[in-house]
Amino acid sequence: MRKLLILIVALGCLAVLVVANGSAFTAQQEIPKESKTQPKQVVLDKDSQSDKYGEVAFNHENHATKNYSVDGKSPIACVECHHTDQPATALQAPLKTSERAVALTAKLLEAADTKPVKTCRACHLQAGDDSAPIPTVTYSGKTAPTKLTNEVAYHTNCNICHDKAIAARPILKGKAPGSNDCLSCHKPVS
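All residue numbers here refer to positions counted from 1 along the written sequence of the relevant chain. Local features in this predicted model are restricted to residues whose pLDDT is 70 or higher, and side-chain atom pairs enter the listing and the counts only when it is 80 or higher, whereas totals over whole chains, interfaces and linings include all residues. In computing side-chain properties, one takes all heavy atoms of the structure into account and sets aside hydrogens as well as water.

A. Layout of the pattern of salt bridges. Throughout this description, the term salt bridge denotes a Lys or Arg side-chain nitrogen within 4 Å of a carboxyl oxygen of Asp or Glu. Per the counting criterion, the structure on display carries four salt bridges. Between Lys 187 and Glu 55 there is a salt bridge, with its nearest N and O atoms 3.9 Å apart. Here the residue Lys 187 occupies a position in strand E7 (residues 186–188), and Glu 55 occupies one in strand E3 (residues 53–59), the gap between them amounting to 132 residues. Exposure classes here rest on a 1.4 Å probe applied to the protein chains alone. A residue is buried below 20% of its type maximum, exposed above 50%, and partly exposed in between. By relative accessible area, Lys 187 is classed as exposed at 52%. For Glu 55, a relative accessible area of 31% gives the class partly exposed. Ionic pairing is found between Arg 100 and Asp 85, a salt bridge with its closest N-O pair at 2.7 Å. Here the residue Arg 100 occupies a position in the loop between helix H3 (78–81) and helix H4 (106–110), and Asp 85 occupies one in the loop between H3 and H4, the gap between them amounting to 15 residues. Here the two residues Arg 100 and Asp 85 agree in accessibility, since each one is buried. Helix numbering and strand numbering both begin at the N terminus, where a helix is a DSSP run of H or I of at least 4 residues and a strand a DSSP run of E of at least 2.

B. Representation of the environment of Asn 59. Considering the arrangement of structural elements, one finds Asn 59 in strand E3. On the basis of relative accessible area, Asn 59 is assigned to the partly exposed category, the value being 23%. Residues Asn 59 and Lys 40, spaced 19 residues apart in sequence, show a C-alpha to C-alpha distance of 6.2 Å. Not counting residues within four places of it along the chain, the set of residues in contact with Asn 59 comprises Lys 40 and Gln 41. We call two residues in contact whenever any of their non-hydrogen atoms come within 4.5 Å of each other.

C. Structural view of the environment of Thr 156. With respect to the helices and strands, Thr 156 occurs in helix H5 (residues 150–168). In this structure Thr 156 comes out as partly exposed when scored by relative accessible area, which is 29%. When the C-alpha positions of Thr 156 and Ser 179 are compared, they lie 9.0 Å apart, and in sequence the two are 23 residues distant.

D. Representation of the confidence of the model for the protein chain within the structure. Overall, the predicted model of the protein chain reaches an average pLDDT of 83, with 83% of residues at or above 70. The element-level mean pLDDT for the protein chain is lowest in helix H1 (residues 2–26), coming to 43, with helix H2 (residues 60–65) highest at 95. Per-residue confidence from the prediction method is given by pLDDT, with values spanning 0 to 100. Note that residues 3–29 has pLDDT below 50 and, in this model, seven contacts with residues that lie over four places away or in other chains.

E. Seen up close, the sheet that holds E7. On the basis of which strands lie adjacent, the open sheet formed by three strands has the order E2-E3-E7 and antiparallel pairing. In this open sheet, the two edge strands, each paired with only one partner strand, are strand E2 (41–44) and E7. Neighbour-to-neighbour, the strand axes of the sheet open up by a mean angle of 30°, direction not taken into account. Pairing between two strands is assigned when DSSP locates at least 2 bridges connecting them. Note that E3 and E7 share two bridges and pair antiparallel. When the bridges of E7 are listed, Val 56 appears paired with His 186. The axes are straight lines fitted to the C-alpha atoms, using for helices just the contacting stretch, and the angles between their N-to-C directions are given from 0 to 180°.

F. Here's a closer look at the nonpolar core. If you look at the biggest cluster of nonpolar residues, it comprises five residues: Val 42, Leu 44, Val 56, Phe 58 and Tyr 154. Mapped by element, the contributors of at least two residues to this core are E2 and E3. Buried residues of nine kinds, namely Ala, Val, Leu, Ile, Met, Phe, Trp, Tyr and Cys, make up a nonpolar core once their side-chain atoms join them within 4.5 Å.

G. Representation of the pairing of E3 in the model. For E2 and E3, the ladder comprises four bridges, and the chain directions are antiparallel. What sits directly across from Val 43, in E3, is Ala 57.

H. Looking closely at the side chain of His 124. Along the chain, the position of His 124 falls in the loop between strand E4 (117–118) and strand E5 (136–137). By relative accessible area, which is 9% here, His 124 ends up buried. Apart from the residues within four sequence positions on either side, His 124 is in contact with His 83, Pro 135, Leu 148, Thr 149, Asn 150 and Ala 153.

Set out below in structure tokens:
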């Protein structure tokens, strides 16, 4: 009887470990508010308010290490997305916020005295989250400011870059998602 009880407890513990590890293998890497470690793959918009479009798996490692720039000749520079991580003199409108004296690079991030990189959500909050001010910008030709929620920031940054890459390299059409290819990036809500 005692052996049977030990076996049941051991199998129960094993089952908990397998379930926990299985979830860890299938889940995307959680993104802290700031980090000095580059993530490999993350989930964007995992709390989407849309009833049609769900989360987006984003391969940060590919964008940071492979030739994914608009012209296809180099990796995407860190400051293309992490725009606050460059000197104020390098900012181009409509960007306004600078938090570094030099442009962020992977090599700079490795230095012990370098401050961590903030995630998009550190500033670009979910619509309806009033825990901090959400940045706004008034685009040329518009009279009302646009609130740069995380959804607006992601779509603006990702779509502009993808559309420019497809325009510069027509061979990408149909292979890389453009601004009208929602389900290429978004996992449908089930």
